[in-house]
Structures are given as C-alpha cells and as structure tokens.
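# Architecture and fold: a report
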Amino acid sequence: LVWLLVLSLAWLGPALGGEDKDEEVIEEEEKEKKEDEVLSDEIKEEDNVLVLHEHNFARALSEHQLLLVEFYAPWCGHCQRLAPTYAQAATELRNESSPARLGKVDATAQTALATEFGITSYPTLKLFRDGNRTHPLAYTGRMDSQGIVRWMQRRAGPSAMLLQDTNTIATFISSQDLVVIGFFKDLRGEAAQAFFEVAAEMVDMTFGVAEAAELFQAYGLSADTVCLFKKFDERQTNFPVDPAWGLDTAELTRLLRVHSLQLVMEFTNETSNNIFGAKIPHHMLLFLNKSSPEQLLLQDSFRAAASGFRGEVRWPHGRDMEGGFGTPQPQCPPFPAQVLFVVVDVTGHGANVLPFFGMTAADAPTLRLVKMENNRKYQMEQDNFSDLAIHSFIQAVLDGKVKPHLLSAEPPEDWDTRPVKVLVGKTFEQVAFDETKNVFVKFYAPWCPYCQAMAAAWEELAERYKDREDIVIAEMDSTANELENITIHGYPTLHYFPAGPGRKMVEYKSTRDVETFSKFLENGGTLPEEP
C-alpha cells in the first residue's frame, strides 16, 4: 500500500504542478489578449454604442459620417443615469439605418482623448462630422432618448423640408399645430443658411423652406421672411429678414420660442418645459381653483391684459420687428418688456409650486409677477382683477415702483440659544448686519443632499465658537425665506459678514470641513496662503 501511494504521488505530482502552471499560462495569455484588444483599432459595441479608445478613435471617425461621442466617468451618477437612455437612442438610430452613430469614451482611462477634447466634466457629449476631429460640435439637445435621436436626425438629413408648390405647403402647415417656414429667394444665401442652422438646433419644431415666387405671392410676402404658422392665437406671425443685416440665429431662436407659446399658458406637466425653456424674463401668474365657476371667469380679463404684452420685443441695437432683423431704429419708442401669462390651477399640477410662493390653495384667486433672473415675486392686490388693473400693476413692477413680496418663516422660540443660530427673513438683518459680530451664514435647502452632508461639520463649527462673543454661526432655510438684496442661486451657499462699519459680504468657496472653516474665521474671512 505504501509503495502504491508513493507511485501515485510520483505520477500525480507533476500533473498537479502542471495544472498550476497551465492556469498561470492561461492568466498571462488572457492578460496579453486584453492588452492586444486595447492596442487594436477594432471597434467593439455595447448595446449598439461604439466603445472607443485612443487606438480606434480615428478609425471610428473615418467610418462614420456623424458620430456623437459621450465622454464619461464610470463613477459619475449622471453618466450612470444617462447610460440606458443613450443606449436606447443608439439602438433607434441603428435600426433606422441612419448614418449617425453613438459612441462612448471612458475619459478617466483614456486621458489622452480627454485632454485633446478639453473634457472637464461628465458626461460631455460632442458631435464629430465627416471625420473632423479638430472642431467637434457640443451637444445642445435634451438628455433623453427622443431628444438625442431627433438632434442627430436633424444633422443627418435636411433640417428643413423643401416645399415646392401651394398644395405641398398647405398640407405641411395643416400637418402640425405649429410649423416654421423660411421663405428665401436664394436657398444658398447667408440668411437661408442661418435658418437651416436654427432648424437643426430646434428639434422640437417642424421646419420647412420655400423659394418659389408663387409661394411668396400666396402668403403675401415680397422679401425673405421667416413665418410661424399656428393653429391657435394669431395664425401667422412674420419675421422679415433685412437684407442689410441678415438673420441673427440667436434672435430668431428666441422669437420662435416666445411666439410658439399660447398667449396664455396653463401650467401643467406637459407645458412646464416650454414655459421655462422660452426664457421670457417675466411671468405673470393667475392662481385659481378651476373647480370654481366664478374663478374661471377671471381668465377673460387676464387674457385681455396679456395681449398688451405679446410680441413687443426689445431688438438688439434698437431694432424693431416691422423693420426686420437688423434695421437700425434710433428713434424707436421703448417697448414693454416681455411678460408670459400663465394660469396655475391650485388643485391640479399647480399645487406643487404653491410652497415656492408661500401659498396654500385657500389663497386663490391671487396674482403674482415673477422676475425670472432673480426669482423676485410681486403680489398684486386681490380686490381688482380687471385687465386695466393687471396691466397697470405689471407696468408699475417693470418701472421699479413696487417692492417685492418676500417670504419669511416665523423664528423658532430658541433660535438664538442653539450653537447654530436659526435665521429667517424678518430677523436676518438684525443678526447678519450687526457691526459688532463676525457672522458666518449657511443658506440651505432641506432637501439638498450637499447641505445634509455638511450639516454635522456646521454644527461642530458652531460648538467650537459658541463661547466667542464676536463670532456667530448661523443658517437660513432659503426655500422658506427670501432677502431683498441677496439672491441665492445654489445650495449650500456660505456668506461671511465681517464686523465693523462698511462691512462687505464675502462668499466662502473652499472646502466644506471644520478645519478649513475655522482657518477662514480665524483669518478674518479669508484663507491664509499656503505653500
């Protein structure tokens, strides 16, 4: 038995050792294979998205006329959320045999490509056309699959449909609730090319183009004109193109956004993107309960007031609309600023925005004007809802004759006994502007994850300085409190108000930890320079 055991070990020993050696060889071969794959210019795909790196990037550009590339980081939450959407868009384009394809680059691994294309944030999407890698276009569409597909389709084919006769153009106009048609006597001219540029960007609108003389005549036109055709409000809005100045793409885009909206919009889930996307500087809001017949009648006077602010545009360089794009009008009278009129149903989708205004459904009917640049809100007296009263109120706000309506919560009873002092709108000035104190304030939103993450550090900082008479650590919920001269654009925002007369507010923009906060305070509102 012993002899058999010895023989068995003698035979099995090399075999077992050989197995270990084989595994090592296999691992080495797989490693070499992976290195070869990276060095190869072969293009692999994941869910119809081209997987690109520095060795196959040039090949991808040469093989695909239109290539949209996402530069991403594997750890980036935005990139992870975009991934299924991006793959869906890639699949749609692939299924329709489009010349447009989608690719992706792990910018954290392919640092040479990230440096070449100036990638500083994730995800960044760039469009490469006809193999040109020196001037890629930044992606400007929506970050959903339909938005990506439409954006690419506009660049793959003509951005505007050529309309050649009256039957075709009539069918085109009736096919949608809203269409844009450019009438140009020369489709190769600069104005027409600028129009095609706008059409390529505004993928949520349908564009056509016409150059036949009979079509100019059919729609009462004598010169190059962009026309917006709608099935609501005014049916046709003309934007003439002045031959001396041409067509300004940014201005045309803005005008189309403004005039594509209804005279009075209702705030719903479907319209909210259009309402905010139009970038109209002032919003006049009528809050009402649509289940009340009496309140519904208020819409008539609201609509009548809206017509006085529709389509009156401050053109760049003193241009007016009748003179066309670029016509100098030095004597042009001042036009009212643009105001978008919106009805908000306090029992419907509008219920979600009531806290932003410090309101409840019981406050309806009521009117507010909002300046969109700083979210300042102005409250109109509720005893008169006539169109004349509404018009006068808006004009008074625009002329600076009405003070904003500022939100303020009630201060907690123990607001000044805690290490972190709790400020509200009505107590802010007495604390922050106390010339005997150095006041460090955190402006936050309760739902903000970044605010939540730094909450413990802020409490610890307050504990450290609670016995210092000259230093106050405070916080204010900026979703429930507003200040006339300080606008908070993001959360958390940290402002330091130093002691002494003529004090100047300092915004803190460094690392959010206790030690750095402490250095900032000890150094009088600045961080000491470090080698």
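Rules used throughout
- Residues numbered from 1 in each chain as written.
- Predicted model: local features only at pLDDT ≥ 70, side-chain atom pairs only at ≥ 80, totals over all residues.
- Heavy atoms only, no water.
- Pairing = 2+ DSSP bridges.
- Helix = DSSP H or I, 4+ residues; strand = E, 2+ residues; numbered from the N terminus.
- Contact = heavy atoms within 4.5 Å.
- Axes fitted to C-alpha atoms, helices over the stretch in contact; angles between N-to-C directions.
- Phe/Tyr/Trp six-rings, centres within 6.5 Å; stacked < 30°, edge-to-face > 60°.
- Buried < 20%, exposed > 50% of the residue type's maximum accessible area, 1.4 Å probe, protein only.
- pLDDT = per-residue confidence, 0-100.
- Core = buried A, V, L, I, M, F, W, Y, C linked by side-chain atoms within 4.5 Å.
- Salt bridge = Lys/Arg side-chain N within 4 Å of Asp/Glu carboxyl O.
- Right-handed = clockwise from strand over helix to strand, strands pointing away.

### A short note on the sheet that holds strand S6 (residues 137–138)
The sheet built from six strands is open, its strands ordered S1-S2-S4-S3-S5-S6 with mixed pairing. Of all strands in the sheet, those with a lone pairing partner are strand S1 (44–46) and S6, marking the two edges. Here three bridges tie strand S2 (residues 49–52) to strand S4 (residues 100–106), and the two strands are oriented parallel to one another. The residue of S4 that forms the bridge with Val51 is Lys104. Running over the sheet, helix H3 (residues 77–95) touches S1, S2, strand S3 (66–72), S4 and strand S5 (124–129) and is turned about 150 degrees from S4. Together, S3, S4, S5 and S6 form the strand contacts of helix H5 (residues 145–156), whose direction differs from that of S3 by roughly 145 degrees.

### Considerations on the packing of aromatic side chains
Scanning all chains against the criterion turns up 31 aromatic pairs. Consider the rings of Phe57 and Phe128, whose centres lie 5.4 Å apart with planes at 85 degrees: the pair is edge-to-face. Here the residue Phe57 occupies a position in helix H2 (residues 57–63), and Phe128 occupies one in strand S5, the gap between them amounting to 71 residues. The burial state of Phe57 is the same as that of Phe128; both residues are buried.

### Some thoughts on the sheet that holds strand S11 (residues 236–240)
Pairing is mixed in the open sheet, where five strands are placed in the order S7-S9-S8-S10-S11. One side of each edge strand has no neighbouring strand; the edge strands of this open sheet are strand S7 (161–162) and S11. Alignment of strand S8 (residues 178–183) against strand S9 (residues 206–210), held across five bridges, turns out to be parallel. Residue pairing for S9: Ile181 is matched across the bridge by Gly208. Against the sheet, helix H7 (residues 190–201) makes contact with S8, S9 and strand S10 (225–230), and its axis sits at roughly 165 degrees relative to S9, the strand it touches most.

### Structural notes on the confidence of the model for the chain
Model confidence for the chain is summarised by a mean pLDDT of 85, while 87% of its residues fall at 70 or above. Between residues 9–21, whose pLDDT stays under 50, and residues either more than four places distant or in other chains, the model counts one contact. Segment residues 312–336: pLDDT under 50, and 57 contacts once partners within four positions in sequence are set aside and those in other chains are kept.

### With respect to the nonpolar core
Among the nonpolar cores identified, the biggest contains 24 residues, and Phe184, Phe195, Phe207, Val226 and Leu256 are the most heavily contacted of them. Every element with two or more residues in this core is listed here: S8, H7, S9, S10 and helix H9 (249–259). The biggest single contributor to this core is H7, with six residues. Apart from residues lying up to four places away in sequence, Phe207 is in contact with Arg154, Ser159, Ala160, Met161, Phe172, Val180, Phe195, Val198, Ala199, Met202 and Leu256.

### A closer look at the pattern of salt bridges
Inspection of the entire model under this criterion finds 23 salt bridges. Across the pair Arg94 and Glu45 runs a salt bridge, and its minimum N-O distance is 2.9 Å. You can see Arg94 sitting in helix H3 and its partner Glu45 sitting in strand S1, a full 49 residues away along the chain. For Arg94, a relative accessible area of 36% puts it in the partly exposed group. For Glu45, a relative accessible area of 37% puts it in the partly exposed group. Measuring nitrogen to oxygen at the nearest pair gives 3.5 Å for the salt bridge that ties Glu522 to Arg468. Here Glu522, found in helix H16 (residues 514–522), pairs with Arg468, found in the loop between helix H15 (449–465) and strand S19 (471–477); they are 54 residues apart in sequence, far enough to count as distant. Taking relative accessible area as the criterion, Arg468 reaches 33% and is therefore assigned partly exposed.

### Section: the side chain of His64
With respect to the helices, strands and loops of the structure, His64 is situated in the loop between H2 and S3. You can call His64 buried: its relative accessible area is 15%.

### Some details on the pairing of S9
Counted residue by residue, S9 has four buried out of five residues, so it is predominantly covered. Both S7 and S9 contribute to a ladder of two bridges, which runs parallel. Residue Leu162 lies in a different strand from S9, and its bridge partner there is Val209. Between the parallel pair S8 and S9, the chain is carried across by H7, and the sense of this crossover is right-handed.

### As for the pairing of strand S15 (residues 366–371)
Where burial is concerned, most of S15 is hidden: six out of the six residues are buried. Pairing of strand S13 (residues 282–288) with S15, which is carried by six bridges, proceeds in the antiparallel orientation. Bridge pairing in S15 links Leu285 to Arg368. Here S15 folds back onto strand S16 (residues 376–379), and the loop between the two strands holds four residues, one of which, Asn375, carries a positive phi near 60 degrees.

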